[in-house]
Amino acid sequence: MKKSEKVLLGVFAFLFLAIIGGGGLMYAFNNYSAIREENDTLRDRLADMNLAISQGADWADKYGWLEEHCPNFTSRQEASAKLLEVITAEAEKKGISIGGKEFIEAARVLGPDGLPLEENLGYFDKATVKITLAGIQEQAFFGWLHALQQPQSFLGITRMQINPSGTNKTINAEVEFTQFYREKSAPKVSKAN
């Protein structure tokens, strides 16, 4: 073999080793980075799990309170009727006459089987009533809202639109009240033999 062939063979061998070695080093570095990133993710997840375990008793107490105090109705219609009853009773106490009442049904996303999708259901069910009021006194209106919106009853105002009517501090309003509840199953009737 000539000297120029040896030099050329050495250059090609060096280039071959540099390319293969560089590729191997890049592959090793990428794997190392991926493992390090996964370790960081697992470390963060472990910290979150430890925090959740340490707060487990607090969350169990909160869940117990929620199960004890959350209203239960057998259907959305029953919850809507009870909500309207509470709203009108409080309006009568404050001397407010309700103009329009409309039950609002939340649109549920249905899956291919025709049943509501689980991820859209959430923990609470809800019933919503839209009330329209015309020419009522501001003071009575806000007192009525304050009396109705009580967190412990799981009832709240989810939408409100107020417009002045122009005379004697009276307003026109449209208010949506929502009752959050858990739907309980109706008792099954069985035949006694």
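Here, every reference points to the structure presented above.
The text that follows walks through the structure, step by step, so that each part is easy to find. (Residues numbered from 1 in each chain as written. Predicted model: local features only at pLDDT ≥ 70, side-chain atom pairs only at ≥ 80, totals over all residues. Heavy atoms only, no water.)

Regarding the side chain of Thr-178
Part 1: Within the secondary structure, Thr-178 is located in strand β5 (residues 170–183).
Part 2: For Thr-178, a relative accessible area of 2% translates into the label buried.
Part 3: Within the structure, the side chain of Thr-178 is placed 3.1 Å from the side chain of Thr-128, a separation counted as a polar contact.
Part 4: If sequence neighbours within four positions are ignored, Thr-178 has contacts with Leu-83, Lys-126, Ala-127, Thr-128, Phe-154, Leu-155, Gly-156 and Thr-158. (Helix = DSSP H or I, 4+ residues; strand = E, 2+ residues; numbered from the N terminus. Buried < 20%, exposed > 50% of the residue type's maximum accessible area, 1.4 Å probe, protein only. Polar contact = N/O pair within 3.5 Å; in protein donor to acceptor, adjacent residues only side chain to side chain. Contact = heavy atoms within 4.5 Å.)

A closer look at the environment of Ile-96
Part 1: Residue position: Ile-96 is located in the loop between α3 (76–94) and β2 (100–104).
Part 2: Taking C-alpha positions, Ile-96 is 7.3 Å from Ala-140, a pair spaced 44 residues apart along the chain.
Part 3: In contact with Ile-96, other than residues within four places in its own chain, are Ala-91, Leu-133, Ile-136, Ala-140, Phe-141 and Trp-144.

A closer look at unusual backbone geometry
Part 1: The phi angle at Phe-154 is positive, at roughly 60°, despite the residue not being glycine.
Part 2: Located in the positive-phi region is Lys-169, a residue other than glycine, with phi close to 55°.
Part 3: We classify Lys-169 as exposed; its relative accessible area is 64%.

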